[in-house]
Amino acid sequence: MATNRLPLSDAPNGLLGAFLRDCRARLDPAVFGFSAARRRTPGLRREEVAQRAHISPTWYTWLEQGRGGPPSPEVLERIVGALMLTEREREHVFLLALGHPPEARYQGVDEVTPRLRRVLDALGDTPAIVKTATWDVVAWNPAAAALFTDYGQLPREQRNILRLMFSNPRVRDAQDNWDSVARSVVRSFRIDAMRAGANAEIAQLVEALCASSAEFAALWQDRGLPDERALAKRIHHPRLGAIDLEISYFAVDGRPDLAMVVYNPRDAESTARVRELIDAGRGAG
């Protein structure tokens, strides 16, 4: 009688086992203090992975063979650590084993990859930044420095959008309808940090902002949902006047805690004003 059962190699646990075997095979035993002698295949042995993950060798063998039930998230995390998997590989393991991604695990970052840096630079006269889930600005192009803030002149701890919004008078004065912008920023910040699993990381920042800004403290108590992300922004430059921008948000591959924000001038007049600012900055340099 015909059945609808999938072959073991095509079942979810079979796919997981094949992926784990591939990851195990690429590891150098000597790096982990295991002898590399008398091995028939490259990489770690199953019992060595089990030893590093603090699980039963028999159970790990069954897992690679697609037998038994799905592992718990805690066990998967131990296997991920034992195999030295990347964040993208970690997500893939959880999807294969449990059918859903792992809980968010926030990663701090001080810089971006050269590839992402080249994307920023390729935007030319269009301001763009890369921000973390805690809204630290970790990369920017010359156009963003000219229009918003020269982040390179700030200490690292001050390159934060909320710190600038609530403590820098120049940044505040540049906003069109600061009250509305500030409310939207705080609500969106809370959601971004929670989605990235960065609750612990924001505690110190929130405490400092509440102590220094009564306005932030009041807004932080507002538990309302953010409006749909504003897709337009108006900046008031003290010399050039209003600059209208369209905002686009882009995810960064493999880094759910990072986002690239692009501020495209909405019209020819705004484009000309941004270019004038960039040219002035180049002349000053």
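Provided above is the structure to which this section pertains.
Because the structure is a prediction, the values reported are computed rather than measured.

Rules used throughout
Residues numbered from 1 in each chain as written. Predicted model: local features only at pLDDT ≥ 70, side-chain atom pairs only at ≥ 80, totals over all residues. Heavy atoms only, no water. Buried < 20%, exposed > 50% of the residue type's maximum accessible area, 1.4 Å probe, protein only. Helix = DSSP H or I, 4+ residues; strand = E, 2+ residues; numbered from the N terminus. Pairing = 2+ DSSP bridges. Contact = heavy atoms within 4.5 Å. Salt bridge = Lys/Arg side-chain N within 4 Å of Asp/Glu carboxyl O. Axes fitted to C-alpha atoms, helices over the stretch in contact; angles between N-to-C directions. Left-handed = near helix turned anticlockwise from the far one by under 90°. Nonpolar A, V, L, I, M, F, W, Y, C, P; charged D, E, K, R; others polar. Phe/Tyr/Trp six-rings, centres within 6.5 Å; stacked < 30°, edge-to-face > 60°. Lys NZ or Arg CZ within 6 Å of the ring centre and 35° of its normal.

### Section: the pairing of strand S5 (residues 255-265)
In terms of burial, S5 is a largely internal element, 9 of the 11 residues being buried. Bridge count between strand S1 (residues 128-132) and S5: 5 bridges; the pairing is antiparallel. Bridge assignment links Thr132 to a residue of S5, and that residue is Leu258. Strand direction decides the pairing type here: strand S4 (residues 241-252) and S5, joined by 8 bridges, are antiparallel. By the bridge assignment, Tyr249 is partnered in S5 with Val261.

### So, the side chain of Arg159
For Arg159, the location among the structural elements is in the loop between helix H7 (142-147) and helix H8 (161-167). Contacts of Arg159, omitting those with residues within four sequence positions, involve Trp135, Asp136, Val137, Trp140, Tyr151, Gly152 and Leu154.

### Points about the pattern of salt bridges
Inspection of every chain in the model, using the stated rule, returns 13 salt bridges. For the salt bridge of Arg187 with Asp222, the shortest nitrogen-to-oxygen distance reads 2.7 Å. Of this pair, Arg187 sits in helix H10 (residues 178-195) while Asp222 is found in the loop between helix H12 (214-220) and strand S3 (232-237), placing the two residues 35 residues apart along the sequence. Here Asp244 ties to Arg234 by a salt bridge, and the two come within 2.6 Å at their closest N and O atoms. On the criterion of sequence distance, the pair formed by Asp244 in strand S4 and Arg234 in strand S3 is long-range, its members being 10 residues apart. The class of Arg234 is partly exposed, set by a relative accessible area of 36%. What emerges from the salt-bridge pattern is a single network uniting Arg24, Arg46 and Glu64.

### Digging into the environment of Arg24
Mapped onto the elements, Arg24 comes out in helix H1 (residues 12-25). Judged by its relative accessible area of 11%, Arg24 falls in the buried class. Considered as a pair, Arg24 and Arg46 are 22 residues apart in the sequence and their alpha carbons are 7.9 Å apart. Excluding residues within four positions of it along the chain, Arg24 makes contact with Gly43, Leu44, Arg45, Arg46, Val49, Tyr60, Glu64 and Leu83.

### A short note on the packing of helix H2 (residues 46-53) against helix H4 (residues 73-82)
Running from N to C, H2 and H4 cross one another at 115°; their axes reach a closest spacing of 8 Å. At the point where H2 passes H4, the crossing takes the right-handed sense. Facing H2, whose interface residues are Val49, Arg52 and Ala53, H4 presents Arg78, Ile79, Gly81 and Ala82. Taken together, the residues that form the contact of H2 with H4 break down as 4 nonpolar, 1 polar and 2 charged.

### A closer look at the packing of aromatic side chains
Each aromatic ring pair is specified by the distance between its two centres and by the angle formed by the two planes. Summed over the entire model, instances satisfying the criterion amount to 7 aromatic pairs. Aromatic side chains Trp135 and Phe189 sit 6.2 Å apart centroid to centroid with 85° between the ring planes, which places their arrangement in the edge-to-face category. With Trp135 in the loop between S1 and strand S2 (137-140) and Phe189 in helix H10, the pair connects residues that are 54 residues apart, well separated along the chain. Residue Trp135 shares its accessibility class with Phe189, and that shared class is buried. For the ring pair Trp140 and Tyr151, a centre distance of 5.3 Å and an interplane angle of 55° mean the geometry is tilted. Taken as a pair, Trp140 in strand S2 and Tyr151 in the loop between H7 and H8 lie far apart in primary sequence, 11 residues in all. Of the two residues, Trp140 and Tyr151, both sit in the buried class. An aromatic cluster is present here, built from Trp135, Phe166, Trp178, Phe189, Phe216 and Trp220 joined pairwise through their rings. Taking NZ or CZ as reference, Arg90 lies 5.7 Å from the ring centre of Phe94, over its face. The aromatic ring of Trp178 is capped on one face by Arg172, whose charged end is 3.7 Å from the ring centroid.

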